Structure formats: C-alpha cells, structure tokens
Amino acid sequence: MSKELEIIKDVYYNLNKEILSNQPYNTKQTRFETIWKLMHPIEERFDNLVKEEKRYNNIDIRIICDETNNPPEVVDDNIMIARVEWKINKFDDTIHYVDLTFGDDKTFLELKQNKEDE
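Just so we're clear, the structure is a prediction, and the values are computed from it rather than from any experiment.

Colleague: Now, about the overall build of the chain: what can you tell me, with residues and values included?
Modeller: Helices and strands together make up the secondary structure of the chain, namely 3 helices and 4 strands. The secondary structure elements of the chain, listed N-terminal to C-terminal, are α-α-β-α-β-β-β. Counting only residues that meet the buried cut, the chain has 42% of its 118 residues in that class. Considering only residue pairs separated by 6 or more positions, the chain has 52% of its internal contacts joining residues 24 or more positions apart. Carbon together with sulfur atoms contributes 48% to the accessible area of the chain, which is approximately 7200 Å² in total.

Colleague: Just give me the short version of the packing of aromatic side chains, but keep the residues and values in it.
Modeller: Describing an aromatic ring pair means giving the distance of the ring centres and the angle of the ring planes. In total, this model carries 2 aromatic pairs according to the counting rule given. For the pair Tyr-12 and Tyr-13, a centre-to-centre distance of 5.8 Å together with 45 degrees between the ring planes defines the contact as tilted. Note on Tyr-12: relative accessible area 1%, which makes it buried. Through a chain of ring-to-ring contacts, three or more aromatic side chains come together here, namely Tyr-12, Tyr-13 and Phe-102.

Colleague: I'd like a rundown of the pairing of strand β3 (residues 94–102), residues and numbers included.
Modeller: The two faces of a sheet get side chains in turn, since along a regular strand they alternate between them. Extensive coverage of β3 is indicated by the burial of 9 of its 9 residues. The alternating pattern of β3 places Thr-94, His-96, Val-98, Leu-100 and Phe-102 and Ile-95, Tyr-97, Asp-99 and Thr-101 on opposite faces, both of which are buried. Of the pairings in the sheet, the one linking strand β2 (residues 80–87) to β3 comprises 7 bridges and is antiparallel in character. Pairing of Trp-86 across the sheet is with His-96, part of β3. Taking the residues between adjacent antiparallel strands as the criterion, β2 and β3 are bridged by 6 residues.

Each value, and the rule that gives it
Residues numbered from 1 in each chain as written. Predicted model: local features only at pLDDT ≥ 70, side-chain atom pairs only at ≥ 80, totals over all residues. Heavy atoms only, no water. Helix = DSSP H or I, 4+ residues; strand = E, 2+ residues; numbered from the N terminus. Buried < 20%, exposed > 50% of the residue type's maximum accessible area, 1.4 Å probe, protein only. Contact = heavy atoms within 4.5 Å. Areas by Shrake-Rupley, 256 points an atom, 1.4 Å probe, with all protein chains shown as cover. Phe/Tyr/Trp six-rings, centres within 6.5 Å; stacked < 30°, edge-to-face > 60°. Pairing = 2+ DSSP bridges.

Dropping the structure here:
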C-alpha cells in the first residue's frame, strides 16, 4: 500500500467514526463537511510526506462527494461515498483514486485504488 493511501486510510478511519455517531449520514451538508474534513488533514500530511521524501512537486488532491457519486440508492442505503483523487507528479497524467464508504462500521473502505489516465 502506498504512503499516500496509508494517509488517506488513517484520515478515513477517524472521520468514519465521527460520521457514524451522527444521523443522517448523507445530506448536502454532511457531504460538504466530509469534503472539508478530508481535505485539510490529507493535504497537510501529503505536504509533510513531500518534505520528508524531498520530492520536487506537491501532491495534487481532489475530493468528490456530491450527487454524482451519491445517487438516491446510496442515500437510501444510509451510506455516503467520497472519492479521493491524487496526482503525484504534475508531469505525469496518472490520477490515483480511492472510493471511501462512510456510514457503515463493517466497511473498511472501498479500496478501489485505481489509476485513470486523463
């Protein structure tokens, strides 16, 4: 597992515990809050990783948690999905991503670490 994915996993575990204690899980407000609560700690830890490994480029990150990946069926199941995408090198078009499933204490995360080429 990559260091970037380890960071995302750690942030996910902490946030999922918080989300499980609140109802409802999947509203416009909770999706916005989830983006905010994922973005800051992941960016901060990615920046630290770049410094530690003396990389030349920052890691670009984007989080998608809206109606596009949370259709009515997902909302009805009382879960929420957030996609975290990151790009390690600005000269490489490879986008890594993982889909995180919130609201289910049995689900670790949808570890679909994939690569997309733009």
